[in-house]
Amino acid sequence: MCKGLAALPATCLKSAKDMKHRLGFLLQKSDSCDYSSSQSKKEKISSSQRVSQEEVRKWADSLENLIHHDRGLAAFRAFLKSEYSEENIEFWVSCEDYKKTKSPAKLSPKARKIYDEFISVQATKEVNLDSCTREKTSHNILEPTLSCFDEAQRKIFTLMEKDSYRRFLKSPYYLDLVSPPSAGCGPENCKRSHTHTLDCNSNIISQCA
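The residue count restarts for each chain, going from 1 along the sequence in the order it is written. Where totals are concerned, whole chains, interfaces and linings use all residues; where local detail is concerned, this predicted model gives features only for residues with pLDDT of at least 70, and gives and counts side-chain atom pairs only at 80 or more. In computing side-chain values, all of the structure's heavy atoms are included and hydrogens and water are not.

This next bit is on the overall build of the protein chain. Strands are runs of DSSP state E lasting at least two residues, helices are runs of H or I lasting at least four, and both sets are numbered from the N terminus onward. Summing up its helical and strand segments, the protein chain has 10 helices and 2 strands in all. Helices (α) and strands (β) of the protein chain occur, in sequence order from the N terminus, as α-α-α-α-α-α-α-α-α-α-β-β. Every one of the 209 residues in the protein chain was classed for burial, and the buried ones make up 28%. Should any heavy atoms of two residues lie within 4.5 Å, those residues are considered in contact. For the protein chain, contacts bridging at least 24 residues in sequence account for 60% of all contacts bridging at least 6. Only the protein chains shown count as cover for residues, and all accessible areas are computed by the Shrake-Rupley method using a 1.4 Å probe. For the protein chain, the computed accessible surface area is about 14500 Å², with 55% contributed by carbon and sulfur atoms. Only protein chains enter the accessibility calculation, which uses a 1.4 Å probe; a residue is then buried when its area is under 20% of its type maximum, exposed when over 50%, and partly exposed in between.

This part is about helix α8 (residues 150-162). Expected span of a helix, by definition, is 1.5 Å for each gap between consecutive residues, and there is one gap fewer than residues. Helix length check: α8, at 13 residues, gives a terminal C-alpha distance of 18 Å against a target of 18 Å (1.5 Å per residue), a fit within 8%. Restricting attention to buried positions, one finds in α8 the residues A152, Q153, I156, F157 and M160. Each buried residue of α8 lies within a common arc of 135° when the element is viewed along its axis, so the set occupies one face. Projecting away from the buried face of α8 at angles above 90 degrees are the exposed residues R154 and K162. Elements in contact with the buried residues of α8: α3 (63-67), α4 (70-82), α5 (87-98), α7 (131-140) and α9 (164-169). Throughout, the arc means that of the directions going from the helix axis to the C-beta atoms.

A few words now on the state of the cysteines. Put simply, a disulfide is two cysteine sulfurs that come within 2.5 Å. In this structure the tally under the stated criterion is 0 disulfides. Here C95 stays unpaired: no disulfide links it, and the sulfur of C148, its closest cysteine neighbor, is 8.2 Å away.

A few words now on the confidence of the model for the protein chain. Per-residue confidence from the prediction method is given by pLDDT, with values spanning 0 to 100. Across the protein chain, the average pLDDT comes to 77, with 62% of residues at 70 or higher. Per-element confidence in the protein chain ranges from a low mean pLDDT of 38 for strand β2 (residues 198-200) to a high of 98 for α5. Predicted confidence for residues 29-48 stays below pLDDT 50, and this span has 10 contacts to residues more than four positions away or in other chains.

Another aspect to go through is α4. With 13 residues, α4 should reach 18 Å at 1.5 Å per residue; the first-to-last C-alpha distance of 19 Å fits that figure. Within α4 the residues assigned to the buried category are G72, L73, A75, F76, F79 and L80. Buried residues of α4, seen end-on, are gathered within an arc of 165° and therefore sit on one face of the element. Among the exposed residues of α4, those pointing more than 90 degrees away from its buried face are D70 and K81. Looking at the packing, one finds that the buried side of α4 touches α3, α5, α8, α9 and α10 (172-178). With its phi angle positive at about 60°, Y84 sits one or two positions after the end of α4.

Note on geometry: axes are lines fitted to C-alpha atoms, helical ones only across the stretch in contact, with angles between N-to-C directions running from 0 to 180 degrees. At their nearest, the axes of α7 and α8 sit 9 Å apart, and the two run at 150° to each other. Contacts between α7 and α8 involve T133, K136 and T137 from the first element and E151, A152 and K155 from the second. Each residue is assigned to one class: nonpolar for Ala, Val, Leu, Ile, Met, Phe, Trp, Tyr, Cys and Pro, charged for Asp, Glu, Lys and Arg, and polar for all the others, Gly among them. Among the residues making up the contact of α7 with α8, the classes are represented as 1 nonpolar, 2 polar and 3 charged.

A separate point is the nonpolar core. Here, nonpolar core refers to any group of buried Ala, Val, Leu, Ile, Met, Phe, Trp, Tyr and Cys residues whose side-chain atoms link them within 4.5 Å. I67, F76, F91 and F149 are the most contacted members of the largest nonpolar core, which totals 36 residues. With 6 residues, the single largest contributor to this core is helix α6 (residues 104-119). Sequence-distant contacts of I67, that is, excluding residues within four places in its chain, are made with L73, F76, I89, W92 and F157.

Structure below.
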């Protein structure tokens, strides 16, 4: 008749407990290693998306450098959105997209859409244009060409350049990029790459050997 665990020798019970403890420890180490591996992948992805300090500093040279860089454009757009004036950069981007139109048949509907959204006095995202430029643009879209928004686009570019761009360079939207915080990145694991990108090494010590 089976007497259960009580019938087993004490040394056998101790070995069983030790084995259970070791198994639990190994499972915890495995989970830790999986988590570290996942974190390492995230850090590598984040690192690959960073912009070099050299590139970020070029954004301060001109508005053109800033908005012709994808990350710069995104940062500037976020800043303008915080000031409730994102219609200016949206209009500029729409004009850039319009000038890439290859099909003549698409010019008229795209031109009308831009006009109705940004230039018309009833536009939902009306940009700040003088009456002369507004009137000339209204005339241009009657027979739209790839350059029919050029003057209006230049006026909005100049407006951003003299106003919101200067504030952007003094805002956290730019300063946090040009001078990123170094917390958690000690001198022993930080280095400057050949492109002057400041980054932290993400060396993972394997615990699963």
